[in-house]
Amino acid sequence: MKYFSTRGADQLLSFEETVLAGLGPDGGLYIPEHIPSLPENWQTAWQDFSFVELSVEVLSLYISPEEISKAELRTLVDKSYSTFRHPDIAPLKKLDEKTYVLELFHGPTFAFKDVALQLLGNLFEFFLKRRNARKGPSEKPERLTVVGATSGDTGSAAIYGLRNKANISIFILHPKGRVSPIQEAQMTTVTDANVHNLAVKGTFDDCQDIVKALFADREFNNTHRLGAVNSINWARILAQTVYYFLSYFHIRRQVPDAAEIQYVVPTGNFGDILAGYYAKRMGLPIGRLGVATNANDILARFWKSGAYEKVDSAAGAPAEGASEPAGGASDGKQATDASGVRETLSPAMDILVSSNFERLLWYLAYEGAAQGADEAAKKRAASATIAEWMGKVKSDGRVQVPVAVLELARRDFFAERVSDSQTLETIKYYFQSEAHYVADPHTAVGLCAARTVAPHNPPNTYQIVLSTAHPAKFSEAVTRALHSEPSFDFERDVLPTEFKGLLERERQVIDVEAAQIDLVKKVIEKYVVPAGEVGASV
C-alpha cells in the first residue's frame, strides 16, 4: 500500500514515509492508493476479537508486512493500549432501548485522542529507532520535531504519547485562555525536557494555520524534520477506524439481526467521523454517519447548502446560541471573536475550518470525475479539483461545490447543529434518565443530534454516539448543567483520582504574544533537543 497527497503531488509514499511526513509538500493530506476491502469471512473470523486483535487485522490491510511485520505490529499495538484503564479499550454503554455511547476516554488523558496518539507515538519511536540502527558510528542519528495545534485534547494526548522519547521533541500550540483548566493542566504539568507547550494569543484556527505553514516552509521543515500529530497525520485516522469495528460487533450481540446501526459523532476537525467513513467504505455495514456540530457549524452548513465557507454568507443575524457567552465553556470566557470562531461549551469543536474534510472532498471529487476515464486520470482530476477548491477556501474563505457532489455527501452523511442551551439540556436529560449518565459537553452535542434525528429514522435503527471525553475535563459546563440536581456531586460522581491536585502542580509553558509563525519558529529553534538527548527540563 502506497499513499499520495489529495492535492496531486507527484510522489507515492510508503506508510513509514507518510507517518513521518504528516502533511504533503503541496499542503495536501495523504490518503491510501485504494481503500481495501474486508476479508470475505471477516464477520465470523473477527467477531470475538479484542480491540488489540482487531487493530492488528485492520491496520495490516493498510501496512505492508515488508514495512511492519504482523508480529511487530502486534507488539506496537500491545504497548500502545496497555496504558488504558478499561479492558475493552473502548467500551459500549447502553443508555436506553436504542441509544448507546461508545466511551473513547479510557486512555491516559481521558480523551478519544489517546486511541490514536498512543499508537502514533510508538510508531514515531519505532521508525526512528530502526532508521538510526542502520547508521554507522560516525553518522548523526535522525530526529523528529513534532509540532501540533490543539483545541484541548490533542495536546495532552500527543504529549503523553511522546514524552521522554529519544530523538523526538514535541511542540504543542494551544490558544491561550481557550482550553479548559483541566486540559491546560494536563499539558503544561508535563515537564519532560522534550515537551514544550506554547500558549498562543489567538484561536485554534490560528494555531492550526501556523502548524500548516511550518510544514509548508520546506527549508524549516528539512532543517528540523517536522512530524505531525494532528489528525492531518494518516496514522491517526487509521487507528480510529478500529473502534467502529469493535462497537459494531459489541452492539450486534444486543440487537436484532435486521437492525441498522447509525453512528453519530461530535465533530470539529472531521477526523473521528472520517475514520467511520473509511470503515464503511471498507465494508462495515452501517447507515449514514451523523455529523454533530456546535455553533461553529461550517460542516452542518455544508450539508445544508453545499457551501464550505468560514462565515455563513446566508446569515442575516447570529443564530440561536451563537453569540451568547458560554459562561463556563472552555470553561469560561466565550463569545464570538474577530476571527468568527464562536466559543462554546464544547471547545474542542470551536474551529472554523475542518482540516480532514479535505480527505472526504477528494473522494467526492473522484466519484464525480468524468465517467469512462481511467483510474489514473480520475485521480489526477480529483486532485486538481481539490487543489482548486482549497485554494478558494484560502483566498475567498469559501467554495461552493456542485449539486452532484453535495448529493454524494448526503448519501453517506447527515449533519445537525447543536446550540449551547441544547447541550446543557442534553447533559441534564441523560443524568435524569434511567441510565443516570453524566456526559461531557461534546458527547452531549452528539447525543442531542442523535435525539433530533431519531424520530425520522426507520424503526429498526439503533444509534451509537461517540463519547469523546471524560466529563471531568469540562467541570464548569457539567456543573452548570447539573447544579440544580440535588443528587449530583461532582467530586463523588465524576472526578477521577488522577485529576485531584492537578491544577496545583508545577507548570511549564511558553507564552507567544501573537499568532505569528516567526515567533513560533524562534521558540522551536531555541528549545529543540539535540539528537540523542532527552535531558532535564528547560
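For the structure itself, look to the data block above.
The notes below deal with the structure included here. (Residues numbered from 1 in each chain as written. Predicted model: local features only at pLDDT ≥ 70, side-chain atom pairs only at ≥ 80, totals over all residues. Heavy atoms only, no water.)

## A few points about the packing of aromatic side chains
Counted under the stated rule, the structure contains 35 aromatic pairs. Here Tyr277 and Phe413 contribute two aromatic rings whose centre-to-centre distance is 5.7 Å and whose plane-to-plane angle is 25°, an arrangement assigned as stacked. With Tyr277 in helix α11 (residues 271–282) and Phe413 in strand β13 (residues 413–417), this pair connects stretches of sequence that are 136 residues apart. What makes Tyr277 buried here is its relative accessible area of 1%. Look at Phe413 and you get buried, because its relative accessible area is 1%. (Phe/Tyr/Trp six-rings, centres within 6.5 Å; stacked < 30°, edge-to-face > 60°. Helix = DSSP H or I, 4+ residues; strand = E, 2+ residues; numbered from the N terminus. Buried < 20%, exposed > 50% of the residue type's maximum accessible area, 1.4 Å probe, protein only.)

## Thoughts on the environment of Leu360
As for its position among the elements, Leu360 is in helix α13 (residues 357–367). Residue classification places Leu360 among the buried positions, given a relative accessible area of 0%. Considering only alpha carbons, one finds Leu360 and Tyr277, 83 residues apart in sequence, at a separation of 8.5 Å.

## Focus on the sheet that holds strand β14 (residues 461–467)
Spatially, β3-β4-β14-β9-β10-β13 is the arrangement adopted by the 6 strands of the open sheet, whose pairing is mixed. Only two strands of the sheet have a single partner each, and these edge strands are β3 (92–96) and β13. The average undirected angle you get between the axes of adjacent strands in this sheet is 25°. Pairing of strand β9 (residues 260–266) with strand β10 (residues 289–293) involves 3 bridges; the strand directions are parallel. Bridging from a neighbouring strand, Val265 pairs with Val291 of β10. (Pairing = 2+ DSSP bridges. Axes fitted to C-alpha atoms, helices over the stretch in contact; angles between N-to-C directions.)

## Regarding the packing of helix α8 (residues 204–216) against helix α20 (residues 517–527)
Running from N to C, α8 and α20 cross one another at 70°; their axes reach a closest spacing of 10 Å. Judged by the angle between their axes, α8 and α20 are roughly perpendicular. Considering the relative orientation of α8 and α20, their crossing is right-handed. Between α8 and α20, the residues in contact are Ile210, Ala213 and Leu214 and Ile517, Val520, Lys521 and Ile524, respectively. (Parallel < 35°, antiparallel > 145°, perpendicular 65-115°, else oblique. Left-handed = near helix turned anticlockwise from the far one by under 90°. Contact = heavy atoms within 4.5 Å.)

Note that every value here comes from positions in space, so none of it alone points to a role or purpose.
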